[in-house]
Amino acid sequence: MVRFSNNLVGILNFITFLLSIPILIGGVWLSRQGTSECERFLDKPVIALGVFLMIVSLAGLIGACCRVTWLLWVYLLVMFLLIVLLFCFTIFAFVVTNKGAGEVVSGKGYKEYRLGDYSGWLQNRVSSEKNWNKIKSCLQDSKVCKSLIDDGSSGAPMPVNEFYNRHLSAIQSGCCKPSDSCGFTYVSPTNWTKSNTTATNPDCNAWNNDQNILCYNCQSCKAGLLDNIKSDWKKVAVLNVVFLVFLIIVYSIGCCAFRNNREDNSWKRYP
């Protein structure tokens with residue numbers, strides 16, 4: 001009679017196998033239907049994840065239900081390595097997202113962001129001109145700044161007081177407007193008149209009213225992106241803790257199924 005742990009491992013891996021199918025299809029769809037580099041950015045990782053889940057779930061399913069001990073051993077080895085890697089990544093994510101936060105601007109509804117406030121590892125990810133050009137292209141394609149203009153009523157520019165009281169996202173604050181320290185005169189959310197200023201902030205010279213440039217080359221834009229990544233990574237790290245507990249439970253059940261397989265093989269070998 002098939003034991004409970006073998007049944008449970010088989011059921012869990014069958015569900016995982018079913019989940020891997022839409023993931024794999026989604027990755028293939030992204031690779032064929034994506035019209036820009038940004039849309040195709042995730043196709044290979046998604047395909048790799050789908051194939052990985054499919055192979056591992058098949059190994060666990062066959063190993064547990066068909067009593068193939070060596071296959072179940074491979075499955076448990078992969079699970080153990082996955083638990084270790086996930087644990088290390090979770091600790092790493094909490095460490096690199098520990099530094100950095102937006103700076104409150106007096107009398108304004110938004111915050112401003114400085115690149116130097118974030119961890120060195122995150123800063124290095126956006127320091128490369130090649131990497132940043134790709135990221136900048138994706139930000140431009142997302143039209144994150146155009147949404148500020150579209151929010152204006154009746155096509156008229158947003159009143160200055162309304163803009164200053166807005167709660168902008170980190171990317172909008174860093175990439176779509178100049179820093180408050182520049183002292184520019186407001187015309188519209190993405191149109192500012194440069195005035196004579198002695199500001200030492202290099203972002204002041206990087207600002208351009210061209211909708212394809214704006215402050216995409218500013219340090220504040222990179223900082224805004226890192227703040228967004230930091231927030232997302234913290235959420236992922238919390239989810240990873242929950243997933244880690246789940247993997248440990250599945251691994252423990254798999255160990256029981258492996259022990260059952262070895263005992264059954266021993267009985268067959270020595271009747």
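Not measured: the values here are computed from a predicted model.

Cut-offs and rules
Residues numbered from 1 in each chain as written. Predicted model: local features only at pLDDT ≥ 70, side-chain atom pairs only at ≥ 80, totals over all residues. Heavy atoms only, no water. Disulfide = S-S within 2.5 Å. Helix = DSSP H or I, 4+ residues; strand = E, 2+ residues; numbered from the N terminus. Buried < 20%, exposed > 50% of the residue type's maximum accessible area, 1.4 Å probe, protein only. Core = buried A, V, L, I, M, F, W, Y, C linked by side-chain atoms within 4.5 Å. Contact = heavy atoms within 4.5 Å. Salt bridge = Lys/Arg side-chain N within 4 Å of Asp/Glu carboxyl O. Pairing = 2+ DSSP bridges. Axes fitted to C-alpha atoms, helices over the stretch in contact; angles between N-to-C directions. Parallel < 35°, antiparallel > 145°, perpendicular 65-115°, else oblique. Left-handed = near helix turned anticlockwise from the far one by under 90°. Nonpolar A, V, L, I, M, F, W, Y, C, P; charged D, E, K, R; others polar. Expected span 1.5 Å × (residues − 1). Arc of directions from axis to C-beta.

**Concerning the state of the cysteines**
- One pass over the structure, following the stated rule, counts four disulfides.
- Disulfide partner of C182: C204, at an S-S distance of 2.0 Å. Its S-S torsion of about -95° marks the bond between C182 and C204 as left-handed, since a negative value means left-handed. Here C182, found in the loop between α8 (170-175) and β3 (185-188), pairs with C204, found in helix α9 (residues 203-206); they are 22 residues apart in sequence, far enough to count as distant. Pair check on accessibility: C182 and C204 agree, each one buried.
- The thiol of C88 is unpaired, and the distance to the nearest cysteine sulfur, on C255, comes to 19 Å.
- No disulfide involves C255; its sulfur sits 7.0 Å from that of C256, the nearest cysteine.
- Under the relative-accessibility criterion, C255 is labelled partly exposed at 31%.

**As for the nonpolar core**
- Counting 33 residues, the largest nonpolar core has L139, F163, C175, W192 and Y216 as the members making the most contacts within it.
- Listed by contribution, the elements that provide at least two residues to this core are α4 (120-127), α5 (129-142), α7 (160-164), α8 and α10 (219-269).
- Per-element tally for this core: the top contributor is α10, with four residues.
- With near-sequence residues (within four places) excluded, W192 lies in contact with F163, Y164, K177, P178, F184, T185, Y186, V187, W207 and N209.
- Counting 17 residues, the second-largest nonpolar core is a separate cluster that includes A59, M79, L244 and A257.

**Some remarks on the pattern of salt bridges**
- Counted under the stated rule, the structure contains four salt bridges.
- Residue E103 pairs with R114 through a salt bridge whose shortest N-O separation is 2.9 Å. One end of the pair, E103, is in strand β1 (residues 103-104); the other, R114, is in the loop between β2 (111-112) and α4, with 11 residues separating them in the sequence.
- Owing to a relative accessible area of 45%, R114 belongs among the partly exposed residues under this scheme.
- Its salt-bridge partner being E112, residue K177 comes within 2.7 Å of it at the nearest N-O pair. Here K177 is found in the loop between α8 and β3, whereas its partner E112 is found in strand β2, with 65 residues between them in sequence. Taken individually, K177 and E112 each receive the classification buried, so the pair is uniform in this respect.
- One connected set of salt bridges, linked through shared partners, spans K108, E112, K177 and D180.

**A short note on the pairing of β3**
- Pairing of β3 with strand β4 (residues 191-193), which is carried by three bridges, proceeds in the antiparallel orientation. Across the sheet, residue S188 finds its bridge partner in β4, namely N191.
- Turn length for the β3-β4 hairpin, with the two strands adjacent in sequence and antiparallel, is two residues.

**A few points about the packing of helix α2 (residues 43-65) against helix α3 (residues 69-96)**
- Across the interface, α2 lies against α3 with an axial gap of 8 Å and an inter-helix angle of 135°. In terms of orientation, α2 and α3 fall into the oblique class. For the pair α2 and α3, the crossing hand works out as left-handed. For the pair formed by α2 and α3, the contact residues are F52, V56, A59, G60, I62, G63 and A64 on the first element and L71, L72, Y75 and V78 on the second.
- Of the residues assigned to the contact of α2 with α3, the class counts are nine nonpolar, two polar and no charged.

**Observations regarding α5**
- Between its terminal C-alpha atoms α5 stretches 20 Å, which fits the 20 Å expected from 14 residues at 1.5 Å a residue.
- Those residues of α5 not exposed but buried are W132, K136 and L139. Buried residues in α5, looked at end-on, bunch into an arc of 60°, giving them a common side.
- Positive backbone phi, at 55°, marks K143, one or two positions downstream of α5.

**Topic: the environment of I83**
- Within the fold, I83 resides in helix α3.
- Classification of I83 as buried rests on a relative accessible area of 13%.
- Separated by 20 residues in the primary sequence, I83 and E103 have C-alpha atoms spaced 37 Å apart.
- Once you skip the residues sitting within four places of it in the chain, I83 turns out to touch L244, L247, I248 and Y251.

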